[in-house]
Amino acid sequence: MKIIPLSEVTDIIKDDNTIAIAALSSANLPVALLKALVDHYDELQTPKNLTFMLANDISDYRGDGVDLDSFVTRNMIKRLITSIITASPETIRAMKDNEIEAYYIPQGVLTTHYRNHTAASPDYLTRIGLHTNVDPRYRGGKVNQRTTKDLVSLVEVDHRQYLKYDFPNIDIALLRGTYADQDGNIYMTHEAHLGEGYSVALKAHNNGGKVIVQVKAVIENGKFNPRDVFIPGKLVDYIVVNENPKYHRQVMQHYYDPALAGEYRIPEIREPFLPLSIRKVILRRAAQFLKAEDVVSIGFGINNDLSNVLIEENANHLVQLNIDTGVFGGMISSGQNFGMNYNVSAQMRHDQTWDFIYNGGVDVAYLSFAEVDAVGNVNVSKFGDKMNGCGGFIDISQTVKRIVFSGTMVAGGQLDFKDGQIDINKQGHTHKFVQHVGSVDFNAQYAQELGQEVYFVTERGVFELMNNGLKLIEIAPGLDIEKDILAHMDFKPMVAEDIKVTNPAIYHDKWGGLAQVIRSEDRI
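Keep in mind that this is a model prediction, so the values were computed, not measured.

What counts, and at which threshold
- In this numbering scheme, every chain counts its residues from 1 along its sequence in written order.
- Given that the model is predicted, a residue must reach a pLDDT of at least 70 before its local features are reported, and side-chain atom pairs must reach 80 or more before they are shown or counted; all residues, however, enter totals for whole chains, interfaces and linings.
- Derived side-chain values reflect all non-hydrogen atoms in the structure, with water molecules and hydrogen atoms excluded from consideration.
- Runs of H or I in DSSP of at least four residues are treated as helices and runs of E of at least two as strands, each being numbered from the N terminus.
- We compute the radius of gyration over the C-alpha atoms and compare it with the globule rule, which gives 2.2 Å times the number of residues raised to the power 0.38.
- Think of it in three bands: with a 1.4 Å probe and only protein chains considered, a residue is buried below 20% of the maximum accessible area for its type, exposed above 50%, and partly exposed in between.
- Neither His nor the chain ends is counted toward charge; the positive residues are Lys and Arg and the negative residues Asp and Glu.
- Note on charges: their place is set at NZ of Lys, CZ of Arg, CG of Asp or CD of Glu.
- Using only the protein atoms, space was sampled on a 1 Å grid; points where a 1.4 Å probe fits but cannot get out form cavities, open sets with protein on both sides within 12 Å along at least five of seven lines form pockets, and lining residues are those with an atom within 4 Å of a point.
- Grid points are joined across faces, edges and corners, and a volume is the space filled by probe spheres set on the points.
- Three classes are used: nonpolar for Ala, Val, Leu, Ile, Met, Phe, Trp, Tyr, Cys and Pro, charged for Asp, Glu, Lys and Arg, and polar for all others, with Gly counted as polar.
- Only residues whose relative accessible area exceeds 30% and that form no salt bridge enter a patch; like-charged residues are grouped when within 9 Å of one another, and nonpolar side chains (Val, Leu, Ile, Met, Phe, Trp, Tyr) when within 5 Å.
- Every accessible area reported is derived by Shrake-Rupley at a probe size of 1.4 Å, with residue values counting cover from the shown protein chains alone.
- Criterion for a salt bridge: a side-chain nitrogen of Lys or Arg within 4 Å of a carboxyl oxygen of Asp or Glu.
- Just so you know, the domain bounds were taken from an automatic or database domain assignment.
- By definition in these notes, contact holds between two residues if any of their heavy atoms fall within 4.5 Å.
- Take the accessible area each of two parts loses on contact, using a 1.4 Å probe, and add the two losses: that sum is the buried area.
- Pairs of strands are assigned from DSSP output, requiring at least two bridges between the strands.
- What the arc describes is the spread of directions from the helix axis to the C-beta atoms.
- Centres within 6.5 Å make a pair out of two Phe, Tyr or Trp rings, where for Trp the six-membered ring is used; the pair is then stacked when the planes are under 30 degrees apart, edge-to-face when over 60, and tilted otherwise.
- Charge-over-ring placement is defined geometrically: NZ (Lys) or CZ (Arg) within 6 Å of the ring centre, and within 35 degrees of the ring normal.
- For helices, the fitted axis covers only the stretch in contact; all axes are lines through C-alpha atoms, and the angles between them, taken along N-to-C directions, range from 0 to 180 degrees.
- Polar contact criterion, stated in full: a pair of N or O atoms within 3.5 Å, where within protein one must be able to donate a hydrogen and the other to accept it, and residues adjacent in sequence count only if both atoms are side-chain atoms.

1. Brief notes about the overall build of the protein chain
- From N to C terminus, the protein chain includes 13 helices and 32 strands.
- Computed over its C-alpha atoms, the radius of gyration of the protein chain comes to 23 Å, within 12% of the 24 Å expected for a compact globule of 524 residues.
- Per-residue burial over the protein chain gives 59% buried out of 524 residues.
- Mean positive and mean negative side-chain charge positions of the protein chain (51 and 66 charges, respectively) differ by 1 Å.

2. Quick look at the layout of surface pockets
- As a volume, the second largest pocket reaches approximately 250 Å³.
- Every residue lining the second largest pocket is listed: Tyr-187, Met-188, Thr-189, Leu-194, Tyr-198, Phe-224, Arg-227, Asp-228, Val-229, Phe-230 and Arg-349.
- Broken down by class, the residue content of the lining of the second largest pocket amounts to 7 nonpolar, 1 polar and 3 charged.

3. Some points on a nonpolar patch on the surface
- The grouping of Met-1, Ile-3 and Val-218 at the surface amounts to a nonpolar patch, some 240 Å² of accessible area in total.
- With respect to the helices and strands, Ile-3 occurs in strand β1 (residues 2-3).
- Under the relative-accessibility criterion, Ile-3 is labelled partly exposed at 48%.

4. Some thoughts on the domain arrangement of the protein chain
- Once the domains are mapped, the protein chain shows domain 1 (2-246) and domain 2 (278-519).
- Inter-centroid distance (C-alpha atoms) of domain 1 to domain 2 is 31 Å.
- Counting residues at the interface gives 38 residues for domain 1 and 32 residues for domain 2.
- For the domain 1 and domain 2 pair, buried surface summed over both sides reaches about 2,800 Å², with 53% attributable to carbon and sulfur atoms.
- Of all residues in domain 1, Gln-107, Ile-128 and Leu-194 bury the most surface against domain 2, accounting for 17% of the area lost on that side.
- For the interface between domain 1 and domain 2, the tally reads 2 salt bridges.
- Take the side of domain 1 that touches domain 2: its biggest share by element is 6 residues, from helix α5 (residues 107-116).
- Counted by class, the side of domain 1 that touches domain 2 contains 19 nonpolar, 14 polar and 5 charged residues.

5. Examining unusual backbone geometry
- For the bond running from Thr-46 to Pro-47, omega is 5 degrees, close enough to zero to count as cis.
- Among the secondary structure elements, Pro-47 is positioned in the loop between α2 (31-44) and β3 (50-54).
- With phi around 55 degrees, Asn-49 is a residue other than glycine that occupies positive phi space.
- Looking at the secondary structure, you find Asn-49 in the loop between α2 and β3.

6. Quick word on the sheet that holds strand β13 (residues 217-219)
- One open sheet accounts for 3 strands, arranged β11-β10-β13; its pairing is mixed. Edge positions in the sheet fall to β11 (186-187) and β13, since each of these pairs with one other strand and no more.
- The pairing of strand β10 (residues 179-181) with β13 spans 3 bridges and is parallel. Within β13, the residue paired with Asp-181 across the bridge is Ile-219.

7. Some words on helix α4 (residues 89-96)
- Taken together, the buried positions of α4 are occupied by Thr-91, Ile-92, Ala-94 and Met-95. All buried residues of α4 fall inside an arc of 160 degrees around its axis, so they share one side.
- Structurally, α4 contributes buried residues whose contacts are with α3 (68-72), β4 (77-82) and β5 (101-104).
- Downstream of α4 by a residue or two, Asn-98 has a phi angle that is positive, lying close to 60 degrees.

8. Thoughts on the packing of aromatic side chains
- Enumeration over the complete set of coordinates arrives at 15 aromatic pairs.
- Ring centres of Phe-369 and Phe-433 lie 5.6 Å apart, and the angle between their planes is 70 degrees; on these two criteria the pair is classed as edge-to-face. On the criterion of sequence distance, the pair formed by Phe-369 in the loop between β21 (364-368) and β22 (371-372) and Phe-433 in the loop between β28 (430-431) and α11 (444-449) is long-range, its members being 64 residues apart. Side by side, Phe-369 and Phe-433 carry an identical accessibility label, which is buried.
- An aromatic cluster is built from Phe-369, Phe-393, Phe-405, Phe-433, Phe-442, Phe-456 and Phe-463, whose rings are joined through pairwise contacts.
- Above the ring of Tyr-162, the side-chain terminus of Arg-127 is found at 5.7 Å from the ring centroid.
- The side chain of Lys-216 reaches across the aromatic face of Tyr-256, ending 5.1 Å from its centre.

9. Here we look at the sheet that holds strand β8 (residues 160-165)
- If you trace the 3 strands from one edge of the open sheet to the other, you get β6-β8-β7, paired in antiparallel fashion. Strands with a single pairing partner mark the edges of an open sheet, and in this sheet they are β6 (124-126) and β7 (152-157). If you compare each strand with its neighbour and ignore which way they point, the axes differ by 40 degrees on average.
- Docked against the sheet, α5 engages β6 and β8, running at close to 140 degrees with respect to β6.

10. Structural notes on the side chain of Gln-398
- Along the chain, the position of Gln-398 falls in the loop between α10 (393-397) and β24 (402-406).
- Taking the relative accessible area as the measure of exposure, Gln-398 reaches 13% and is therefore buried.
- Among the polar contacts made by the side chain of Gln-398, one reaches the main-chain amide nitrogen of Gly-129 at a distance of 2.7 Å.

Shown next, in the form of structure tokens:
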């Protein structure tokens, strides 16, 4: 291990290198290292033709750092391999305009492959991604026409189908920790998120690549318990001490909040409860599918606010909400604060979290949808002007036994809630229940083969996935099935003969009945 100044980082990274980053938004993002590369390029037009691999989107929401857009607008990136992009508009534009090669790969697959794809096991086979847009029989994860190289192939072992993922070797790992000791051991003491940095370092080391870690300071050996080592020094080639706090933010909103690092617990939620709205009534209804002691995976989107609703209803202690980034339990913040998690009961490395999910650790997944088609397929990655990617959606939805999809039935609708009834002021402008989805991120037929129990919760009604498509099993009070639901779908679902009406109590400002529902045996 060698401690080097920022000025020497650019001597190590060359044109055509494959660079791996293990970060989540601003968390764990080695901004000082990235800025050194960008500044060097501005001066000497190198390095270029880079391949970036990262499981999560990295973002500079504050406008004073460096993110994907900084590289893409300079034409430094040739190829991007990721799972999700939501905060890098110029990168998305470049993908749409075929300016860079790009792949959207399931987040869990991308995260765990670093340690699973080794010299001892050179082929990374998994069933995750079968029958979705990642499957080579669909798009093979390719985002645009410029992207032609196959990273995913279909293979058969013992008469069962698998996907074989073939990722490039890592030349450079750009990582971040809080401290390094004199032997190069890396500690995550102040970090809010434990990423997959250890596995990325392993992969780079195995390939003869270089591991560069940004830290706040170098400390004496023995200052921390050796069990707290996140990356052992034998995997670290270079340490860079960052001296500018704005390039080492714990999360977007804070340089350092001890509570986010688990150093103490906060007494109450740090954000207001949701006002009565379409979002809130959808979440109240969706939460009624929870069972006491459920372990719940929370997907990106509307379900970011599920923790808020549970806390307001004094029901958060009845279940454990988890995020696939490695957060177990606690208060999961929402909106712009999503990812700021307080009072967590456990925190694991990102890749270990996927081990937990893949091995049946989650009872139910709460996921969003952008489009749903006539057979129940779901699209979350590519619709309208959006090109978000799948994130961990495919991994989770192909692993759990129970799924609750939540979202509005029609985009742009305006509703009022009066005396436990719904009044529709504006029907909306875009149908989300369509004849055919633009991208298959959840395959309904495959879900039936897996024996999954699947529901779709909207502000107007609840649907259940059946063998031959969707069935409307519940309608919101005050609505007409034909005028307010079926007229706003591009296909006609089955309608239950004994269709139920949603409990009108959830449409009032205050409810207070969720905990009792979760404790009960009746889920519908």
